[in-house]
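Descriptive analysis of the structure
For reference, the chains in residue letters:
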Amino acid sequence: MAFFSSGSRALVEILTRLQSAERPMPVDQTFFEFGSMKYHIQASPSDPENVHLSISTPSLSHEASPSTALPEFTLQETMKTYRDFAEVSRLHSVVLSSQLKHILGNLGSSGTTRLVYNHRDPFFVSRTPGKLNAIFPMRFRDDTDLAVATSFFQELQDAGNSYSKAPKCSWSAIPPPELRGESVHHLTTNGGFVSFDILERHVKRRRAAKTAWILLNFQSYVKYHIKCTRSYIQSRMRKRQERLTEVIQDARLRGSDNTKKLQVRKKSKRRLISLGKAKKLQKGFRAVVDRMKRLRLWIRVRALDRLRRHYRQCFAVPRVKGNKYYDKLE
Amino acid sequence: MTGYGRGPPTASRPRSTSHPPLTPGALILPPLALAPTGETPVTGNHPIVSRYRIPSLPSADPRGRPRPSLAMANTLRLYLTCIRNTLEAAMCLQNFPCQEVERHNKPEVELKTSPELLLNPVLICRNEAEKCLVETSINSIRISLKVKQADELENILAKKFLRFLSMRAEAFQVLRRKPVQGYDISFLITNYHCEDMHKHKLIDFIVQFMEDIDKEISELKLSVNTRGRLVATEFLKQFI
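To keep things clear, this report deals only with the structure shown in the data block. (Residues numbered from 1 in each chain as written. Chains lettered and ligands numbered in written order. Predicted model: local features only at pLDDT ≥ 70, side-chain atom pairs only at ≥ 80, totals over all residues. Heavy atoms only, no water.)

Now for the overall build of chain A. Within chain A, the secondary structure is distributed over ten helices and nine strands. Expressed as a percentage of the 330 residues in chain A, the buried residues total 34%. Across chain A, contacts joining residues at least 24 apart in sequence account for 58% of those joining residues at least 6 apart. For chain A, the exposed area adds up to about 22400 Å²; of that, 53% sits on carbon and sulfur atoms. (Helix = DSSP H or I, 4+ residues; strand = E, 2+ residues; numbered from the N terminus. Buried < 20%, exposed > 50% of the residue type's maximum accessible area, 1.4 Å probe, protein only. Contact = heavy atoms within 4.5 Å. Areas by Shrake-Rupley, 256 points an atom, 1.4 Å probe, with all protein chains shown as cover.)

This brings us to the interface of chain A and chain B. It is common to give the size of an interface as the accessible area lost on bringing the parts into contact. Of the residues lining the interface, 45 residues belong to chain A; the matching set on chain B comes to 42 residues. Three residues, Arg240(A), Leu244(A) and Ile248(A), lead the burial of chain A against chain B; their summed loss comes to 15% of the area buried on that side. Taken together, the links from chain A to chain B amount to six salt bridges. Our count for the chain A to chain B interface comes out at ten residue pairs in polar contact (both at pLDDT 80 or more). Among the secondary structure elements, those contributing two or more residues to the side of chain A that touches chain B are helix H5 (143-162), helix H7 (207-216) and helix H8 (218-250) of chain A. Ranked by residues supplied to the side of chain A that touches chain B, first place goes to H8(A) with 20 residues. (Buried area = accessible area lost by both parts, 1.4 Å probe. Salt bridge = Lys/Arg side-chain N within 4 Å of Asp/Glu carboxyl O. Polar contact = N/O pair within 3.5 Å; in protein donor to acceptor, adjacent residues only side chain to side chain.)

One pass over the structure, following the stated rule, counts 23 salt bridges over all chains. One salt bridge connects Arg240(A) with Glu216(B), and the closest N-O pair in it is separated by 2.6 Å. One end of the pair, Arg240(A), is in helix H8; the other, Glu216(B), is in helix H7 (residues 199-237), on a second chain. Accessibility expressed as a relative area gives 4% for Arg240(A), which makes it buried. When salt bridges with common partners are traced through the structure, they connect Arg236(A), Arg240(A), Asp212(B), Glu216(B) and Glu219(B) into a single cluster.

Residue and element names in this part refer to chain B. Here Ser 140 shows up in strand S5 (residues 140-146). Within the local environment of Ser 140, its side chain forms a polar contact with the backbone nitrogen of Glu 108, the two atoms lying 3.3 Å apart. If we ignore the near neighbours within four places in the chain, the residues touching Ser 140 are Leu 93, Pro 107, Glu 108, Val 109, Glu 135, Leu 188, Ile 189 and Thr 190.

Turning our eyes to something else, we now look at the side chain of Glu130(B). Residues and elements named next belong to chain B. Relative to the elements of secondary structure, Glu 130 occurs in the loop between strand S3 (122-125) and strand S4 (131-136). The class of Glu 130 is buried, set by a relative accessible area of 4%. Apart from the residues lying within four places of it in its own chain, the contact partners of Glu 130 are Tyr 79, Ile 124, Cys 125, Lys 146, Val 147, Lys 148 and Asp 214.

Attention now moves to the sheet that holds strand S3 (residues 47-56) of chain A. Residue and element names in this part refer to chain A. Spatially, three strands are ordered S1-S2-S3 in an open sheet, and the strand pairing comes out antiparallel. A strand with exactly one partner marks an edge of an open sheet, and here the two such strands are strand S1 (27-33) and S3. Sheet twist, expressed as the average angle between the axes of neighbouring strands with direction ignored, equals 15°. Inspection of the sheet shows strand S2 (residues 37-44) paired to S3 by six bridges, in the antiparallel sense. Bridge pairing in S3 places Ile 41 opposite Leu 53. Where helix H1 (residues 9-20) meets the sheet, it contacts S1, S2 and S3, and its direction lies at approximately 165° from that of S1. (Pairing = 2+ DSSP bridges. Axes fitted to C-alpha atoms, helices over the stretch in contact; angles between N-to-C directions.)

Quick look at unusual backbone geometry now. The phi torsion of most residues other than glycine is negative, and most of the peptide bonds are trans. The phi angle at Lys112(B) is positive, at roughly 60°, despite the residue not being glycine. In this structure, Lys112(B) sits in the loop between helix H3 (108-111) and S3.

Counting 50 residues, the largest nonpolar core has Ile143(B), Phe187(B), Ile189(B), Phe205(B) and Phe209(B) as its most contacted members. Take this core: its biggest share by element is eleven residues, from H7(B). The contact partners of Ile143(B), leaving out residues within four places of it in the chain, are Leu87(B), Cys132(B), Leu133(B), Ile185(B), Ser186(B), Phe187(B), Ile189(B) and Ile206(B). Of all hydrophobic cores here, the second largest spans 37 residues; its members include Ala134(A), Phe196(A), Leu216(A) and Val222(A). (Core = buried A, V, L, I, M, F, W, Y, C linked by side-chain atoms within 4.5 Å.)

The next subject is the packing of aromatic side chains. A complete count under the given rule lists 17 aromatic pairs over all chains for this structure. Considering the side-chain rings of Phe196(A) and Phe235(B), the 5.7 Å spacing of their centres and the 50° angle between planes classify their relative orientation as tilted. Placement of the pair is Phe196(A) in strand S9 (residues 193-198) and Phe235(B) in helix H7, with the two residues belonging to separate chains. Since its relative accessible area comes to 0%, Phe196(A) is described here as buried. Plain terms: the ring middles of Phe187(B) and Phe209(B) are 4.9 Å apart, the flat faces sit at 85° to each other, and that makes the pair edge-to-face. (Phe/Tyr/Trp six-rings, centres within 6.5 Å; stacked < 30°, edge-to-face > 60°.)

Right, here's the structure in full:
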């Protein structure tokens, strides 16, 4: 998933282009990622063998105001992870995981500590023999965010049960027992508490950096999901509103172009129907006249000329002219 | 409810107590039944609101257990049919200038200053959570709806959606910007709307609006839960 890819694609692309360039070219570029990571790349034609890369990353600390310099153990850890461009692009996650390891090492075999990453809301890490608990107190601005997030946390809890390899996730409206003793100010939330049980297999070898990176970005991930859901809800509401507006527009009696076009189409249909009906009427009339003629022939008897003449006078059948022209009556 | 198909009531004409034609299955509750529910009767010359509750249908299953979706669909149909019939009877509007201010023409159902111009309001309840109030006057009719909200998420989505529509009331013309107190959304139809639009299409719009609201809120809730499930699954896959 792109959101959790700890590597910086932009950095890898720039470094690859520099390496594959035919001639050394001057580069002095600064860019930001994830809102807080700052990269500065410098290269000059006079020194084609070296490219200077500076990374500024927010650190993990106990307090809201982080320290300015990275500790020595973190720098040593980063120097071990310096093989190729992909590894270089993941340096920030290595920095964070090394800091997290150090903090947990100071904690001992059990205990709870509060951590702050990048001026965000603090979260808690609790260590017990055999596992780590990462507990996130969730706070939201308004009721809509809260409702969407609560639905997401419940789904997260249900989905965690179906994936055995993933850390077990739980959500509760009240602080979990591991946070007993913490100040009330830090435990006041409206979105409850989300806990992840991190086992040894989740932090084995290189997975430690990735797991640390995912957990540290959990709160941003939730906010991103809420933002996308809100925009989705907005677009659906707009579509429904447009559909309902069409219904009320159709209720108008007069005035719209669409209704006029409909009326014109209806008139032309009516003309076609009237022509067809006239032809049918003509056919029917001819059929009746032919039948009457046949009846007359059948009834004719030689000895009854007088009667026949009388019959002709009474039941005279008008001759129908085939043409459509009529004689004008004077 | 007075004045069904007989023209507007006047001050000299006494109010009749005949009820409007009802769909089969609709039940009239006597006025005294209003007291225990906490509904306060309208004071002054206004009579007590007439309430109609749609009972649940008996099931066709011999074991007496109705299928929930079928029963719900049937009660919804009855509810909407009752509302449609009430609106067809109530929507007999005519132009009536304001009696108090010269050269003014105001919807009397909103002002309620002249009791002789108002008809008995009708309250149609599908259940405790869903109801529709139809208030009629000589030149206007006000329809207020209370939408079903089963849980917190539905409550939020309904509030959000209906507020979204109310803010765009000019596109709907007959929609009120602010709902009546105690209800989620309100319509105000005047005699001018009846002159500009087909009456049966207006009623169709109201009924379709109600159906679409319910459908949209259910679909939104389902979409939010489905999105949450997918996002949660993708999140947990990162650990694998």
